[in-house]
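An overview of the molecular structure
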Amino acid sequence: MSWRATVLSLFPDMFPGPLGLSLAGRALAAGRWSLDARDIRAFASDRHRSVDDTPFGGGAGMVLRPDVVDAALDAAADGRPLVYLTPRGAPLTQAQVRRYVVGPGIVLLCGRYEGVDQRVIEARGLQEVSIGDYVLSGGELAAMVLLDAAVRLLPGVMGAAESAEEESFAGGLLEYPHYTRPAAWRGRPVPDVLLSGDHGAVGAWRKGEAERITRERRPDLWAAYASGVRPPPVAAPAGGS
Ligand code: 9D3
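Everything quoted here is computed from the prediction, not taken from an experiment. (Residues numbered from 1 in each chain as written. Predicted model: local features only at pLDDT ≥ 70, side-chain atom pairs only at ≥ 80, totals over all residues. Heavy atoms only, no water.)

Considering the pattern of salt bridges
- Enumeration according to the criterion identifies 13 salt bridges in this entry.
- One salt bridge in this structure joins Arg212 and Glu209, with 2.7 Å as the shortest N-O distance. Here the residue Arg212 and the residue Glu209 both occupy positions in helix α7 (residues 199–217), the gap between them amounting to 3 residues, near one helical turn.
- Residue classification places Arg212 among the partly exposed residues on the basis of a relative accessible area of 29%.
- Of the residues examined, Glu209 reaches a relative accessible area of 16% and is grouped as buried. (Salt bridge = Lys/Arg side-chain N within 4 Å of Asp/Glu carboxyl O. Helix = DSSP H or I, 4+ residues; strand = E, 2+ residues; numbered from the N terminus. Buried < 20%, exposed > 50% of the residue type's maximum accessible area, 1.4 Å probe, protein only.)

Describing α7
- Over its 19 residues, α7 runs 27 Å from end to end, which matches the ideal 27 Å to within 8%, given 1.5 Å per residue.
- All buried positions along α7 are accounted for by Val202, Glu209, Ala210, Glu211, Ile213 and Thr214.
- In the core, the buried residues of α7 are packed alongside α8 (219–226).
- Among the residues of α7, the N-terminal cap falls to Asp198, whose side-chain oxygen and the backbone nitrogen of Gly200 are separated by 3.2 Å. (Expected span 1.5 Å × (residues − 1). Contact = heavy atoms within 4.5 Å. Polar contact = N/O pair within 3.5 Å; in protein donor to acceptor, adjacent residues only side chain to side chain.)

Remarks on the domain arrangement of the protein
- Along its sequence, the protein is organised into domain 1 (3–151) and domain 2 (161–226).
- Using only C-alpha atoms to locate each centre, domain 1 and domain 2 end up separated by 37 Å. (Domains from an automatic or database assignment.)

Thoughts on the environment of Pro182
- Mapped onto the secondary structure, Pro182 falls in the loop between α6 (160–169) and β8 (184–185).
- The spatial distance from the C-alpha of Pro182 to the C-alpha of Arg206 is 20 Å, given a sequence separation of 24 residues.

Structure below.
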């Protein structure tokens, strides 16, 4: 009984896309999660198979019909959260991704055009989620982003080493810089402390760099960190070896 993702889209052929490769693709092949991308157009009821219509009140573009979207949701709904990807949704967070992952899976509705009729959003209690303040051409890439973030957290998908690293990183700071061989490259040496073998000094240097980078790039994260607020520790998954 693995984690199940159903995607409702007018472009189901976009899936699995990048989710069929690398970490997510290996987990998919291993049966740790499943992906079912369905065509919303299959739920159209008229002979022209229309899924959208002009907005009441006028204005540009088209709106997805509530009856068609409702039929598509009916065919997928089984208690999993129903999430509508939309630029006006609540910003996706790592905490929300963790909540999705501890459940049985997710149903993702991808918008196109101007969006979905408001009545079906309310009638089905859709959770509206955005992946950030920039404009995409549809919800499909946003759905893939959410699924990529979720799948890597499923038990057994990431190695134990990476999972442990994730925990130690969860300190509310951005990552420190990384270096590997060669020790000098194009006249740029690796910081001496990293070659010193002094693990205490290395740790202190990395913490200082993480703090500097966070202060420079993310004043929001820096303010929380500097005020002493720490992200809550992430619970270990049940049933892991
Ligand atoms: C031209 C229509 N826009 C008026 C301001 C609204 C609009 C609707 C749908 C703009 C883009 C889209 C398509 N985007 C998504 O479906 C989407 C999205 C996004 O664009 N940014 C961040 N997260 C998301 S989640 C879904």
